[in-house]
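Residues per chain, in single letters:
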Amino acid sequence: MQITDPTSAEHPAFTFVKASGGIEEYRLDSNGLTVLLLPQAAAPVVTFMVTYRVGSRNERAGLTGATHLLEHLMFKGTARYNKDDGTAIFPTLQRVGAAVNATTWFDRTNYFELLPSEHLGLAVEVEADRMRNARVRDEDLASERTVVLNELDRGENDPTRKLLQALHATAYFAHPYGHPTIGWRSDVETVTAAGLRHFYDTYYWPDNATASVIGDFDRTDALDLVEQHFGAIPAAPDAFEHPVTAEPPQAGERRVTVRQAGQLGAVMLGFKSVAALDADADALDVLSVALGSGKSSRLYRRLTDQGLTTSVFAYAPRLRDPGLFIVYGALAPDVTHAEVEAALWETLQAVADEGLTEAEIERARNQVVAQEAFGRDGPYAIASQLNEAVAAGDWTLYTTYLDRIERVTAEAVQAAARRLFDRDRLTVGVYDPVSGP
């Protein structure tokens, strides 16, 4: 075992990898499971989260929505924890006061528990058990399919969500970011338990996962528990399948219109952006806040203050592969889509041509830092944000983020804006409300 940090724990089953910002990374030698530890004794609680490096990015046509459906099915039980034996996962964990859930996104899915520290062992045991022993049965799929279809129906009634989905489907011809995380309806309706079982057997292995332990715990005890419950699980028998299709360069503006019942229209612009580890990604985080966060933002002052929109936002998710940098404006009454689109484009071009003021940069940096600080309040919040860095490909993105944001300059933001705000990267989405159901 190689130990290179004096504060790390020595454990015969683990190799210490590195430490950053108080978080220590270990590798379980028997199967390659990554373990991140962040002890915090502020309150007698702990979060245990398993992040799998699989999401809708890994789904092919015919199996879209598989990660999300599996998220549902993995709560239906395992050989050890199941409703038939009175040991179902939810009530078993909730009896000890645990908050339990899971989430799915483009690049990852996670399963987590926030619970009193003395019950950490139960959370570790449950997650280890469902890593390889989840029931994926036809009878469970039938009920969960209905639940997911209901979720899908709710999304269909949300114009903004539907516009966002149409924008991605239009912007991406080849890459899986073009299909929604919840999946296309026909795939959700027809996927089989056998198909989901194959997906599960492909990706749900310890060497494709990171277990994070955040909160009040003893390092050695936590590593003992992880080794006890995960140690006997073998590594994946085959190499993991990851997308090999890169989105071809966009050559020209694309457009999509969504028409459905509603009152006021909207315009959404999506620019092909950069991957999470790209050198411009931090500047784009600052840029998105400067453009769309609060009443002092550029878009609010240019559009909402001048009566063109009722709301605006800018959104720059950091994904493993290049995602979309999105700006949005909800039309005010008697304002046309063309007027709002022109004002959005004019505002973005002004930033690309002239940059932001030092005051805008300073305000945006402070907002990013404040939002990040609020988002790190407590073991679950920390685990949740750390999990996004894991999905992006480097968990130290989390520990170095605030220092990197403080170093973002006006010149870097303008250079990133020039790189992105190009009509050859642009997809325009329009929500055109119609009367009736």
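Refer to the preceding data block for the structure.
A few points on the structure.

**A few points about the overall build of the chain**
Thought 1: For the chain, the count of helices and strands is 15 helices and twelve strands.
Thought 2: For the chain, the C-alpha radius of gyration of 23 Å lies close to 22 Å, the compact-globule estimate for 437 residues.
Thought 3: Dimensions of the chain, computed from C-alpha atoms along their principal axes, come out at roughly 65 × 50 × 40 Å.
Thought 4: The buried share of the chain, reckoned over its 437 residues, is 57%.
Thought 5: Carbon and sulfur atoms provide 51% of the accessible area of the chain, an area that totals close to 18000 Å².

**Some words on helix 14 (residues 396–406)**
Thought 1: Along helix 14, the positions that sit buried rather than exposed are Thr 396, Leu 397, Tyr 398, Thr 399, Tyr 401, Arg 404 and Ile 405.
Thought 2: Close packing links the buried residues of helix 14 with strand 1 (14–20), strand 2 (23–28), helix 9 (281–292), helix 12 (358–374) and helix 13 (379–392).

**Describing the nonpolar core**
Thought 1: The biggest cluster of nonpolar side chains holds 63 residues, and the ones touching the most others in it are Leu 33, Phe 48, Leu 196, Tyr 204 and Phe 230.
Thought 2: Broken down by element, this core gets its largest block of residues, seven residues, from helix 3 (residues 120–132).
Thought 3: With 48 residues, the next largest nonpolar core counts Val 274, Leu 303, Val 312 and Val 368 among its residues.

**Remarks on the pattern of salt bridges**
Thought 1: Scanning all chains against the criterion turns up 32 salt bridges.
Thought 2: Residue Arg 57 is joined to Asp 321 by a salt bridge in which the shortest nitrogen-to-oxygen separation is 2.7 Å. Here Arg 57 is found in the loop between strand 4 (45–52) and helix 1 (66–73), whereas its partner Asp 321 is found in the loop between strand 10 (309–315) and strand 11 (324–331), with 264 residues between them in sequence. Exposure class is identical for Arg 57 and Asp 321. Each is buried.
Thought 3: Glu 362 is the partner of Arg 365 in a salt bridge, and the nearest nitrogen-oxygen pair spans 2.6 Å. Remark: Glu 362 and Arg 365 occur in helix 12; sequence separation between them is three residues, near one turn of the helix.
Thought 4: Residue class for Arg 365 comes out buried when judged on its relative accessible area of 11%.
Thought 5: Glu 362 sits in the partly exposed class, given a relative accessible area of 37%.
Thought 6: A single salt-bridge network, built from bridges that share partners, covers Glu 253, Arg 255, Glu 341 and Arg 423.

**What to know about the packing of helix 12 against helix 14**
Thought 1: Between helix 12 and helix 14, the least distance of the axes is 9 Å, while the angle of their chain directions is 160°. One element, helix 12, and the other, helix 14, form an angle in the roughly antiparallel class. Crossing of helix 12 against helix 14: the hand is left-handed. Along its contact with helix 12, which presents Arg 365, Val 368, Val 369 and Glu 372, the element helix 14 presents Tyr 398, Tyr 401, Leu 402, Ile 405 and Glu 406.
Thought 2: When grouped by side-chain class, the residues that make up the contact of helix 12 with helix 14 number six nonpolar, no polar and three charged.

**Here we look at the sheet that holds strand 3 (residues 34–39)**
Thought 1: Spatially, 1-2-3-7-4-6-5 is the arrangement adopted by the seven strands of the open sheet, whose pairing is mixed. The open sheet is flanked by strand 1 and strand 5 (99–104), the only strands paired with a single partner. The sheet shows a mean angle of 15° between the axes of neighbouring strands, taken without regard to direction.
Thought 2: Looking at chain direction, strand 2 and strand 3 are connected through four bridges and run antiparallel.

**Some remarks on the pairing of strand 12 (residues 426–434)**
Thought 1: When you tally the buried positions in strand 12, you get seven out of nine residues, the bulk of the element.
Thought 2: In the sheet, strand 8 (residues 254–261) pairs with strand 12 via eight bridges, with the strands oriented parallel. Along strand 12, the bridge assignment pairs Ala 261 with Val 434.
Thought 3: Bridge count between strand 9 (residues 266–272) and strand 12: six bridges; the pairing is antiparallel. Its bridge partner being in strand 12, Gly 270 is matched across the sheet by Thr 427.

**Some thoughts on unusual backbone geometry**
Thought 1: Even without being glycine, Asp 334 reaches a positive phi, approximately 70°.
Thought 2: Along the chain, Asp 334 falls in the loop between strand 11 and helix 11 (337–354).
Thought 3: By relative accessible area, which is 80% here, Asp 334 ends up exposed.

**Comments concerning the pairing of strand 3**
Thought 1: For strand 3, the tally of buried residues reaches five of six residues, placing the bulk of the element in the interior.
Thought 2: The antiparallel hairpin formed by strand 2 and strand 3 contains five residues in its connecting segment, where Gly 32 sits at a positive phi of about 85°.
Thought 3: As defined by bridge partners, strand 3 adjoins strand 7 (residues 209–215) across six bridges and the pair is classed as parallel. Of the residues in strand 7, the one forming a bridge with Leu 37 is Val 213.

**Description of the sheet that holds strand 12**
Thought 1: With respect to topology, five strands assemble into an open sheet ordered 8-12-9-11-10, the strand pairing being mixed. If you trace the sheet from one side to the other, it starts and ends with strand 8 and strand 10, each paired once. Within the sheet, the average angular offset between the axes of one strand and its neighbour, ignoring direction, is 15°.
Thought 2: Here strand 9 runs beside strand 11; their pairing, made up of seven bridges, is antiparallel. Bridge pairing links Lys 272 to Leu 324 in strand 11.
Thought 3: Across the sheet, helix 5 (residues 159–171) touches strand 8, strand 9, strand 11 and strand 12, and the angle it forms with strand 8 is around 155°.

Reading guide: rules and limits
For every chain, the first residue of the written sequence is number 1, and numbering continues from 1 onward in sequence order. Residues qualify for local features only when their pLDDT is at least 70, as the model is predicted, and side-chain atom pairs are given and counted only at 80 or more; totals for whole chains, interfaces and linings, by contrast, use all residues. Only hydrogens and water are set aside; all other atoms, that is, all heavy atoms of the structure, feed into the side-chain values. Each helix corresponds to a stretch of at least 4 residues labelled H or I by DSSP, and each strand to a stretch of at least 2 residues labelled E; elements are numbered beginning at the N terminus. Radius of gyration: over C-alpha atoms. The globule rule applied is 2.2 Å multiplied by the number of residues raised to the 0.38 power. Relative accessibility under 20% of the residue-type maximum defines a buried residue, over 50% an exposed one, and the middle range a partly exposed one, all with a 1.4 Å probe and only protein chains included. Each accessible area value is a Shrake-Rupley result obtained with a 1.4 Å probe; residue values ignore everything except the protein chains displayed when judging cover. When checking whether two residues touch, look at their non-hydrogen atoms; a contact exists if any pair is within 4.5 Å. Residues enter a nonpolar core if they are buried and are Ala, Val, Leu, Ile, Met, Phe, Trp, Tyr or Cys, with the set joined through side-chain atoms within 4.5 Å. Salt bridge, as used here, is a side-chain nitrogen of Lys or Arg placed within 4 Å of a carboxyl oxygen of Asp or Glu. Where helices are involved, their axes are fitted lines through C-alpha atoms of the stretch in contact, as for all axes, and angles between N-to-C directions lie from 0 to 180°. Should an angle fall under 35 degrees it is taken as roughly parallel, and over 145 as roughly antiparallel, whereas 65 to 115 is taken as roughly perpendicular and any remaining angle as oblique. Two helices crossing with the near one rotated counterclockwise from the far one by less than a right angle form a left-handed crossing, whereas a clockwise rotation gives a right-handed crossing. Under the scheme applied here, ten amino acids are nonpolar (Ala, Val, Leu, Ile, Met, Phe, Trp, Tyr, Cys and Pro), four are charged (Asp, Glu, Lys and Arg), and all others, including Gly, are polar. If DSSP finds at least two bridges between two strands, the strands pair.

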